[in-house]
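Residue-level listing of the chains:
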Amino acid sequence: MMAIASEQQTVDLREPSGWRRTKNQIATVGMWVAFAVMLVPLGFVLFTVIGKGASAISWQFLTAPIPINVLPVTFGGVGPAVYGTLVITGFASLMAIPLGVLGGVYINEYGGNQVLARVINFFADVMTGVPSIIMGLFIFTIWVLHYGYSGFAGSLALACLMLPIVIRSTYEMLRLVPDSLREASYALGATKARVTLTVVLPAAIGGIVSGALLAVARAAGETAPLVFTILVTQTLNKNLFSGANTALSTLIFQNATQPYTGAQARAWGSALTLIAIAFILMIVARLITARFARYDR
Amino acid sequence: MSIAAKADPATPAGSASPLTKRRPFGDRTFQVLCLAAGLLVLIILALIAISMTQQSVTWFTTAGWSGVFSTNWDPAHGAYGALPFIYGTLVTAAIAIVIAFPVSLGIALLLTEVVPGRYARPVVYVIDLLAVVPSVVWGLWGFLVLAPWLQKIYQSIASGLTGVPVLSTFFGGTSVSGTSFFTTGLILAIMITPIVTSLSREIIATVPTIDREGAYALGATRWEMIRGAVWPHSQAGVVGAVLLGLGRAMGETIAAALVIGSSATITTHLFNPGYSMPSVIANEFGEATVGEFRSALIGMGVLLFVLTIIINLSARAIVDRSARRTRGA
Amino acid sequence: MQLRGRKHVATVGGAVAVALLAACSSSSSSSSSSTGATSAPAATSSSAAASGTLNGAGSTFQLTFQQAAISAYKSVASGVTVNYDGVGSGSGRADLYAGTVNYAGSDSTIPSTEQAKLNGRKVLYFPVLIGPIDVAYNLQGVSNLKLTPTLISQIFQAKITTWNDPAIKAVNPGVNLPSTPITLAVRSDSSGTTQNFTLFLQDAVGSAWALGSSSTVKWPSTAHAASGNGGVATTIKSTAGAIGYVDYSTAQASNLTAASVENKAGKFVAPSTTAASAAAAGVTVKPDLTFHAVWASTDPTAYPITYQSWDIVYAVQPNATDVSLLKGYLGFLLGQQGQALLAPLHYAPLPSNIDSMATAQLSQITS
């Protein structure tokens with residue numbers, strides 16, 4: 001606030017009058033209250049999940065087979081669900097990340113101002129907002145009805161979910177790479193593919209990997225796409241391509257409404273595991289951005 | 001992925017310039033590959049629309065428009081009216097927006113105007129933490145912890161408001177287990193806050209500094225500056241952000257399925273249990289082996305898809321337009 | 001360590017999956033959570049050599065037993081994978097008609113309205129267990145409630161709406177009943193438990209019960225519907241003043257309190273496996289192994305709402321592997337090992353005459 005030189009008066013014009021100042025203070029307090037309001041549920045949920053889930057976690061919990069529902073949490077564990085989450089999400093990532101990166105490359109490097117590129121960009125954006133349940137129903141309709149339930153169907157649904165996210169984040173990262181880099185490479189006689197693969201992508205790789213990891217974190221926690229595609233089972237199924245499978249997220253969904261304390265405890269333990277996986281991925285993504293992203297917004 | 005990154009067709013020293021040669025095979029393959037990957041987006045969206053509409057035709061033709069939009073949902077007797085679920089989806093999303101909008105805007109303003117750059121980072125991390133908690137965990141916590149706790153609060157509010165004219169129609173009901181429209185709206189609000197906040201932040205950050213400084217120069221308090229310089233510029237963009245949050249709230253499935261109460265009734269009592277489109281699809285799909293039942297559920301999926309696409313389209317259009325306008329200043 | 005069928009381990013996700021694949025396969029299927037599986041050798045040698053997958057779905061009454069049996073069966077026939085999905089008797093039967101499962105768990109026989117879906121194919125009923133349906137309730141301080149069939153029918157038709165209604169008080173002198181409103185907990189899905197519970201009411205009170213007997217019933221609009229026996233148990237557990245019908249096994253595992261119900265002999269009997277066995281003891285069994293245990297026995301120690309569950313299969317299977325897999329697994333359920341799993345899980349075993357008839361019927365499964 002600039003101090004206005006006053007004449008010989010007692011009014012100090014540096015400070016706003018009472019009511020204006022109060023309004024300002026209320027507004028500032030309001031903003032801090034908004035922040036606190038957001039902290040409350042976050043703290044509450046983390047407190048609950050850690051409190052109820054931590055006691056269940058053990059190596060046995062993460063690897064042993066799923067016991068019958070009525071048994072307490074000291075028996076068995078959620079091994080098949082951990083396996084399912086990792087393998088189904090892993091396979092979905094294997095499908096979605098390369099395709100997403102290529103799609104982002106198309107929009108930014110080859111698309112230019114063409115209508116097709118802008119249309120794809122726009123619809124990739126729209127597709128990020130499609131509810132995950134739609135992806136599950138979609139894969140149910142075109143895959144499960146013909147080939148049955150399987151972990152692979154779940155991976156397909158998750159890949160549909162991840163694809164637009166990876167495309168968008170790749171596109172954003174590639175945009176930040178300065179054109180001078182590309183022009184210098186062209187001047188040296190390289191083809192477009194070579195420039196993209198050996199110069200542009202490595203320059204943006206930090207941001208791209210970090211964006212991909214966030215997409216993986218999101219997919220690992222998704223339940224709705226899996227409910228319609230993997231036909232949840234209790235036993236370990238190592239074959240991704242045939243037969244029902246299970247995952248941490250669907251196990252939590254099933255056990256949430258069970259009346260047995262053992263089943264609920266397994267749900268809390270799985271919730272903690274899932275949050276841990278998502279957090280770790282997020283932190284790794286942030287670290288990669290901090291250390292390897294050469295160009296930041 | 002095996003990309004055919006063939007070696008650059010080596011131009012032996014002294015031969016014609018590479019610019020006059022045909023584009024090498026590897027280069028073209030790569031471009032086609034990228035194009036195919038990009039087209040996948042359009043293909044998938046089209047397939048979703050086509051295949052799901054196909055599956056839901058049975059419902060539309062058997063029930064007709066009056067059946068589809070009736071309030072009678074009774075699968076055991078062949079009635080598949082979707083109105084209670086449409087109502088529930090809209091109501092819970094509306095509650096979510098009403099709660100999330102001021103909170104998100106407040107945090108966004110906090111980050112852009114109040115907190116200096118260095119300290120903004122921890123706040124952003126906290127918002128990211130909120131965003132990364134999976135939906136099913138919110139549902140688990142909501143069902144086992146929040147709902148029982150809220151049940152007592154609903155009861156006291158409802159009994160305290162008996163007889164009060166307007167308020168009791170909305171807040172006079174109660175739910176035996178705490179699961180209700182309002183509980184769902186609350187959880188949805190928590191879940192959409194991160195996305196609305198980060199988008200609002202981006203919008204507000206595009207307000208030119210010169211306008212801010214001008215306001216301060218004229219002696220405005222921070223609040224007056226926000227009202228006078230920031231808000232007019234970012235108004236439209238924030239509306240777009242809110243619309244995006246709305247779209248997300250409408251589509252949120254698992255958390256809603258667990259805390260909404262699974263009761264297909266239309267009522268103004270927000271503390272009563274209800275049902276929404278994604279929730280009923282998730283909860284009842286396992287039992288829907290009869291043709292029309294499953295067709296009805298997929299049909300509701302189509303309705304949801306169309307609704308969220310429309311909302312997202314408008315949201316993006318508004319956000320893009322507002323961003324373009326301010327950037328020019 | 002290579003991932004089968006994949007050529008490039010390129011992403012972080014892939015590496016992590018590999019690491020945990022190794023960990024998982026090395027710690028493999030450790031101590032399964034068996035509850036009393038005896039170590040007797042397999043009944044039929046064919047089951048030990050067989051391998052394949054069996055899929056079943058249906059009754060949530062059977063669910064806990066199926067889970068335990070599936071787990072115990074692994075030590076008998078390690079090559080066989082059995083999956084059972086507790087979707088409710090109605091959905092289980094629908095899955096059987098659609099051909100997506102090998103056997104359907106159902107607490108009721110196939111109703112006449114569904115006969116057409118069989119397309120003339122013959123089915124075989126294999127009863128697997130007996131158990132009580134609890135009338136479970138959540139009322140602070142009240143642990144010994146008595147109910148007559150008439151009272152139950154009035155409560156579940158919402159004719160009695162508070163706990164301290166004089167009709168309830170009349171049957172429970174000396175019990176301090178609060179004025180809490182009664183919340184009904186019922187099934188939302190197509191359920192054999194519903195069908196048997198309503199059959200009991202129909203048989204016991206006649207025309208005073210107006211809602212009929214079927215897998216889905218139009219309950220009073222104030223009733224709180226949930227999916228599966230587990231869902232109803234959750235509702236009762238979390239709602240003060242709730243009352244609902246849950247199978248005994250689920251109710252015990254959820255620590256619910258159940259009412260004593262007046263039986264045909266006029267005695268109030270609490271649900272238990274002994275009372276269930278007493279109810280099933282003299283029941284009339286048809287040649288196709290269907291029977292109804294509700295409101296049947298005049299034994300004074302019998303629990304009147306005792307019911308049964310069958311695994312239904314087609315008599316003619318598509319191939320010989322399915323025949324041997326089904327004979328192996330169903331034989332296990334009916335045999336000494338399988339039936340021994342029942343008591344610790346709060347089920348009652350089959351009466352021996354029914355068990356013998358069922359075991360003999362196994363030979364009728366052919367391809």
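What you see is a predicted model; the values in this text were computed from it and never measured.

Reading guide: rules and limits
Note on numbering: residues in each chain are counted from 1, in written sequence order. Both sets of labels track the order of writing: A upward for chains, 1 upward for ligands. For this predicted model, a pLDDT threshold of at least 70 governs which residues receive local features, and a threshold of 80 or more governs which side-chain atom pairs are given and counted, while totals over whole chains, interfaces and linings are taken from all residues. Side-chain descriptors were evaluated using all non-hydrogen atoms of the structure, hydrogens and water having been removed beforehand. Numbering of helices and strands runs from the N terminus; a helix is a DSSP stretch of H or I covering at least four residues, while a strand is a stretch of E covering at least two. At least two bridges found by DSSP between two strands are what make those strands a pair. Joining through side-chain atoms within 4.5 Å is the link that ties buried Ala, Val, Leu, Ile, Met, Phe, Trp, Tyr and Cys residues into a set, and such a set is a nonpolar core. Accessible area is worked out with a 1.4 Å probe on protein chains only. A residue is then buried under 20% of its type maximum, exposed over 50%, and partly exposed in between. Whether two residues are in contact is decided by their heavy atoms, any of which lying within 4.5 Å being enough. Distance thresholds for patches are 9 Å for like charges and 5 Å for nonpolar side chains (Val, Leu, Ile, Met, Phe, Trp, Tyr), applied to residues having over 30% relative accessible area and no salt bridge. Residue burial considers only the protein chains on display, and all accessible areas are found by Shrake-Rupley using a 1.4 Å probe. For this document, the term salt bridge refers to a Lys or Arg side-chain nitrogen within 4 Å of an Asp or Glu carboxyl oxygen. Two cysteine sulfur atoms make up a disulfide if the distance between them is within 2.5 Å. Defined in terms of a 1.4 Å probe, buried area is the accessible area two parts forfeit on being brought together, summed over both. Any pair of N or O atoms that falls within 3.5 Å is considered a polar contact. Within protein, one atom must be able to donate a hydrogen and the other to accept it, and sequence-neighbouring residues count only if both atoms are side-chain atoms. When residue character is reported, Ala, Val, Leu, Ile, Met, Phe, Trp, Tyr, Cys and Pro are called nonpolar, Asp, Glu, Lys and Arg charged, and the others, Gly included, polar. Axes here mean lines fitted to C-alpha atoms, for a helix over just the part in contact, with angles spanning 0 to 180 degrees between N-to-C directions. For any helix crossing, the convention is left-handed if the near helix is rotated counterclockwise from the far helix by under a right angle, and right-handed if that rotation is clockwise. Scored from 0 to 100, pLDDT reflects the predictor's confidence in each residue.

*Asks:* Would you mind going over the environment of P208(B) with me for this structure?
*Replies:* Its place among the elements puts P208(B) in the loop between α6 (181-205) and α7 (209-217). Sequence spacing of P208(B) and H233(B) is 25 residues, and the spatial spacing of their C-alpha atoms is 8.9 Å.

*Asks:* When you look at the sheet that holds strand β11 (residues 268-269) of chain C in this model, what are you seeing that I'm missing?
*Replies:* Strand-to-strand pairing in sheets goes through backbone hydrogen bonds, with the strands running parallel or antiparallel. Residue and element names in this part refer to chain C. Ordered in space as β5-β10-β11, the 3 strands form an open sheet in which the pairing is mixed. Strand pairing shows two members of the sheet lacking a second neighbour, β5 (146-147) and β11, which therefore form its edges. Judged from the 2 bridges that link them, strand β10 (residues 260-262) and β11 form a sheet pairing that is antiparallel. When the bridges of β11 are listed, V261 appears paired with V269.

*Asks:* Got a minute to help me understand the nonpolar core in this structure?
*Replies:* One broad rule of soluble globular proteins: the nonpolar side chains tend to lie buried together. Within the largest apolar cluster, 188 residues are counted, with the highest numbers of intra-cluster contacts made by W138(B), W141(B), I281(B), L297(B) and M300(B). Here this core gets 16 residues from one element, more than from any other, and that element is helix α3 (residues 79-110) of chain A. When neighbours within four sequence positions are excluded, M300(B) is seen to be in contact with W59(B), W73(B), A82(B), F85(B), M277(B), V280(B) and I281(B). Among the nonpolar cores identified, the runner-up in size contains 100 residues, and L63(C), L124(C), L139(C) and W163(C) belong to it.

*Asks:* Teacher, can you tell me more about unusual backbone geometry here?
*Replies:* Leave glycine aside and you will find that most residues have negative phi; peptide bonds, for their part, are mostly trans. Residues and elements named next belong to chain C. At N255, a position not held by glycine, the phi torsion is positive, near 60°. Mapping N255 onto the fold places it in the loop between α9 (248-253) and β9 (257-258). Using a relative accessible area of 64% as the deciding quantity, one classes N255 as exposed.

*Asks:* Looking at this structure, I do not really get a nonpolar patch on the surface. What am I missing?
*Replies:* All names here are of chain A. A cluster of nonpolar side chains, contributed by V29, V33 and V37, occupies part of the molecular surface with about 230 Å² of accessible area. Following the sequence through the fold, V33 ends up in helix α1 (residues 18-54). A residue is classified by how much of its surface remains accessible, and V33, at 44% relative accessible area, is partly exposed.

*Asks:* Looking at this structure, how should I read the state of the cysteines?
*Replies:* All chains considered together, the criterion is met by 0 disulfides over all chains. Cysteine C160(A) remains unbridged, with the sulfur of C34(B) as its closest cysteine sulfur at 19 Å.

*Asks:* Which parts of the structure should I look at to understand the environment of T148(C)?
*Replies:* All names here are of chain C. Positionally, T148 belongs in the loop between β5 and α5 (149-156). With 166 residues separating them in the primary sequence, T148 and Y314 have C-alpha atoms 40 Å apart. Look past the residues within four positions of T148 in its chain and what remains in contact with it is V171, E262 and F268.

*Asks:* Looking at this structure, I do not really get the interface of chain A and chain B. What am I missing?
*Replies:* How big an interface is tends to be reported as the loss of accessible area on association of its parts. Contacts between the two partners involve 81 residues from chain A, matched on the other side by 82 residues from chain B. Summing both sides of the interface, chain A and chain B together bury roughly 7500 Å²; the carbon and sulfur share of this comes to 82%. Counting across the chain A and chain B interface gives 3 salt bridges. At the junction of chain A with chain B, the criterion picks out 11 residue pairs in polar contact (both at pLDDT 80 or more). A per-element tally of the side of chain A that touches chain B places α1(A) first, with 18 residues. Of the residues assigned to the side of chain A that touches chain B, the class counts are 60 nonpolar, 14 polar and 7 charged.

*Asks:* Looking at this model, I keep getting lost on the pairing of strand β6 (residues 183-187) of chain C. Mind explaining?
*Replies:* For a regular strand, the rule is simple: side chains alternate between the two faces of the sheet. Residue and element names in this part refer to chain C. The element β6 is extensively covered by neighbouring structure, given that 5 of its 5 residues are classed as buried. The alternating pattern of β6 places T183, A185 and R187 on one face and L184 and V186 on the opposite face, and all of these are buried. Inspection of the sheet shows β6 paired to strand β8 (residues 242-247) by 3 bridges, in the parallel sense. Bridge assignment links L184 to a residue of β8, and that residue is I243.

*Asks:* Would you mind showing me how to read the packing of α1(A) against helix α2 (residues 83-114) of chain B here?
*Replies:* Two measures define how a pair of helices packs: the angle their axes make with one another and the distance between the axes. Relative orientation of the contacting elements α1(A) and α2(B) amounts to 115°, with a least axis distance of 8 Å. Crossing geometry of α1(A) relative to α2(B) is assigned as left-handed. Contacts from T28(A), M31(A), W32(A), A34(A), F35(A), V37(A) and M38(A) of α1(A) reach α2(B) at P102(B), V103(B), G106(B), I107(B), L109(B), L110(B) and V114(B). Of the residues in the contact of α1(A) with α2(B), the class split is 12 nonpolar, 2 polar and no charged.

*Asks:* Can you help me understand the interface of chain B and chain C in this one?
*Replies:* The partner chain C presents 14 residues to the 11 residues of chain B that form the contact. Buried area between chain B and chain C, both sides added, is near 990 Å², and the carbon and sulfur share of it is 54%. When residues of chain B are sorted by the area they lose upon contact with chain C, V176(B), E287(B) and T289(B) head the list and together hold 47% of the total. Counting across the chain B and chain C interface gives 1 salt bridge. In this structure, the salt-bridge partner of K218(C) is D74(B), at a minimum N-O distance of 3.5 Å. Classifying every residue of the side of chain B that touches chain C gives 4 nonpolar, 5 polar and 2 charged.

*Asks:* What exactly am I supposed to notice about the side chain of T306(C) here?
*Replies:* Residues and elements named next belong to chain C. Inspection of the secondary structure assignment puts T306 in strand β12 (residues 306-314). On the basis of relative accessible area, T306 is assigned to the buried category, the value being 0%. Excluding residues within four positions of it along the chain, T306 makes contact with I130, G131, P132, A275, A276, A279, A293 and V294.

*Asks:* What should I look at first to understand the confidence of the model for chain B in this one?
*Replies:* Any segment with low pLDDT has predicted coordinates that should not be analysed in fine detail. Per-residue confidence for chain B averages 86 on the pLDDT scale, and 91% of its residues sit at or above 70. By mean pLDDT, the top-scoring element of chain B is α2(B) (93), and the lowest-scoring one is helix α5 (residues 167-171) of chain B (83).

*Asks:* How do you make sense of the side chain of T64(C) when you look at a structure like this?
*Replies:* Tracing the backbone shows T64(C) in helix α3 (residues 63-76). Among the residues examined, T64(C) registers a relative accessible area of 3% and is labelled buried. Not counting chain neighbours up to four residues away, the residues in contact with T64(C) comprise I68(A), V70(A), Y260(A), S249(C), L345(C) and Y347(C).

*Asks:* Teacher, can you tell me more about helix α10 (residues 248-256) of chain A here?
*Replies:* Quick reminder: α-helices carry 3.6 residues per turn. Residues three or four places apart thus point the same way. For α10(A), a buried count of 8 out of 9 residues is recorded, marking the element as mostly surrounded by other parts of the structure. Within α10(A), burial applies to L248(A), S249(A), T250(A), L251(A), I252(A), F253(A), N255(A) and A256(A).

*Asks:* I tried to follow the pattern of salt bridges on my own but got confused; where do I start?
*Replies:* Pairing between side chains of opposite charge can happen when the charged atoms of each approach one another. On inspection of all chains with the given rule, the structure shows 13 salt bridges over all chains. When the shortest N-O distance is used, the salt bridge between R286(A) and D128(B) registers 2.4 Å. With one member in each of two chains, R286(A) in helix α11 (residues 261-292) and D128(B) in helix α3 (residues 117-132) form a pair that bridges those chains. With a relative accessible area of 27%, R286(A) lands in the partly exposed category. Given a relative accessible area of 16%, D128(B) falls into the buried group. R248(B) is the salt-bridge partner of E252(B), the closest N and O atoms lying 3.7 Å from each other. Residue R248(B) is classed as partly exposed on the basis of its relative accessible area, which comes to 30%. Connected through salt bridges with shared partners, the residues D125(A), R168(A), E172(A) and R316(B) form a single ionic network.

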